[in-house]
Amino acid sequence: MRGSSAERLSSVEHGSGGVTVREAGGAFWKDGGARDWDCWVPEGHFNLSQRFLKCAQHIQMEGFHQVPVTLSDGRGQPVGVAATYRNTIDGADLGNERIQQAVHLVRGAAPRFLKYGVIEVGNPAGVGFPVRSSLSSTEAITTLARWAQAEAERQRSSLVVIRDIEPTAAPGAVEVLRRLGFVPSPLPAAFVVPLPFTSFNEYKAHMRARYRGRLAGCMKETASLRVEVVEQFAELAPQLTALWRTLYDRATQYRRLVLTEGFFASASDMPEAKVMLLRRPDESVAGFGLLFVDGPMLRFSCTGFSREAALEEGVYFRLLYEVVRYAIEHGCKAVNMGMTTAGPKMSVGAQPVHVSAWIWHRSALQRQGLGWLTQNLMKPPPPVERNVFKEDVPVFQDPALSEQPVTARP
């Protein structure tokens, strides 16, 4: 759809009336396209906004093609929005290193082994419930899942993936997906730091002695680093991309998304976006974090630093503490720190939130095989719990994972 003004309509019948799914069309990418889209995106759901989806156009992924869609009722009136994507999933990325090695051996003879063309519903650049609508989650997910299955048959895509569903927060969606033949695939946990604190000092005071000592040691070790928060950072895009790439090149799993200079330059235009820099005394950048202020949530989107900066300068832990400090000082109720690197994030107070992707293959036999693989060989290991605070801190529900129906704002 990108670069095209065509709008194609698919119809899905359910209940007593027809609900339709329509590609948003080329007008979506123009500034005026936000008006009819963002009215469905409440506070706390920034990753589904038109301005973020425009930014996400600048990521790179094999076969990536972004297709925002709108849902309409039987009278043609809009009742919700969702982000969908065409891309390629590399099954090797989802497994452990032993599986990856075996797959790469097979690919010497079969280069496309365990690579699947996929229609994906849900934002590949952020965690969040995949649709916002005045329909119940049961109705909305039924509509989108059936539409995606029909699209997969039409385009001969192997898979449909509906992702980032937290089972206890969306039981209706889970029931629908099971009924339609989808199988669950556990994703790495998302890590959320709840922040019922009025100051960073109060946050520290609630820590157990062990973790309070770690914080003090980190601050002492990194005392030469200066924190700077930048709102306009387009000119830093080449440097940020290079620092992010140093992490990407060291990663062994979940290497689907490649961020580009265009992504960082586009993010700079958004009022929600900030870059937190850690500068050395010579003003060089030791590391950074890209932040999005999203209502009650601060979203720690991505980071970048060299291996040497992590090991010798303590950059990563200092960034995590400073992100928590920034969130508290700006009235946020929690920080969503994203997936991966469980240990460091849980050591600053993050709690794991378990989300799943739901997968449907056009072949019933392969659906069964994928279900077994994702529940066994590809299942991510559970994070080791940390007991950071003296007293339990209540879990804060990320609104992006909520299935609550929404009403369009005027």
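As annotated in an unreviewed UniProt entry, the protein carries the name GNAT family N-acetyltransferase and comes from Corallococcus exercitus.

A. Up close: the overall build of the protein. Broken down by element type, the protein carries 13 helices and 16 strands. The C-alpha radius of gyration of the protein comes to 21 Å, within 12% of the 22 Å expected for a compact globule of 410 residues. Projected onto its principal axes, the C-alpha coordinates of the protein cover approximately 65 × 55 × 45 Å. Looking at the protein alone, contacts between residues at least 24 apart form 75% of all its contacts between residues at least 6 apart.

B. Representation of the sheet that holds strand S14 (residues 334-339) in the model. Within the open sheet, the 7 strands sit side by side as S10-S11-S12-S13-S14-S9-S15. Their pairing is mixed. Looking at which strands have only one partner, the edges of the open sheet turn out to be strand S10 (226-230) and strand S15 (351-353). Looking at each pair of strands side by side, their axes are set apart by 30 degrees on average, direction ignored. Packing of helix H8 (residues 237-250) onto the sheet brings it into contact with strand S11 (273-279), strand S12 (285-294) and strand S13 (297-305), and relative to S13 it is tilted by some 80 degrees. Against the sheet, helix H11 (residues 315-329) engages strand S9 (190-194), S10, S11, S12, S13 and S14, with an angle of about 160 degrees to S13.

C. Focus on the domain arrangement of the protein. With domains assigned, the protein is organised as domain 1 (20-188 + 355-378) and domain 2 (197-332). Taken over C-alpha atoms, the centre of domain 1 sits 28 Å from the centre of domain 2. In this complex, domain 1 contributes 27 residues to the contact, which on the side of domain 2 involves 20 residues. Summing the contributions of domain 1 and of domain 2, the shared interface buries around 2,100 Å²; its carbon and sulfur component is 58%. Our enumeration of links across domain 1 and domain 2 arrives at 1 salt bridge. The salt bridge involving Glu-272 is made with Arg-51; its shortest N-O contact spans 2.5 Å. Of all the elements in the fold, those that place two or more residues in the side of domain 1 that touches domain 2 are helix H2 (50-56), strand S4 (78-90) and helix H3 (97-106). Ranked by residues supplied to the side of domain 1 that touches domain 2, first place goes to H2 with 4 residues.

D. Region of interest: the pattern of salt bridges. The final tally for this structure, using the stated rule, is 22 salt bridges. The shortest N-O distance in the salt bridge between Arg-226 and Glu-228 comes to 3.7 Å. Glu-228 serves as the salt-bridge partner of Arg-279, at 2.6 Å between the closest nitrogen and oxygen. With Arg-279 in strand S11 and Glu-228 in strand S10, the pair connects residues that are 51 residues apart, well separated along the chain. One salt-bridge network, held together by shared partners, links Glu-23, Arg-86, Glu-151 and Arg-154.

Calculation notes
- Residues numbered from 1 in each chain as written.
- Predicted model: local features only at pLDDT ≥ 70, side-chain atom pairs only at ≥ 80, totals over all residues.
- Heavy atoms only, no water.
- Helix = DSSP H or I, 4+ residues; strand = E, 2+ residues; numbered from the N terminus.
- Rg over C-alpha atoms; globule rule 2.2 N^0.38 Å.
- Contact = heavy atoms within 4.5 Å.
- Pairing = 2+ DSSP bridges.
- Axes fitted to C-alpha atoms, helices over the stretch in contact; angles between N-to-C directions.
- Domains from an automatic or database assignment.
- Buried area = accessible area lost by both parts, 1.4 Å probe.
- Salt bridge = Lys/Arg side-chain N within 4 Å of Asp/Glu carboxyl O.

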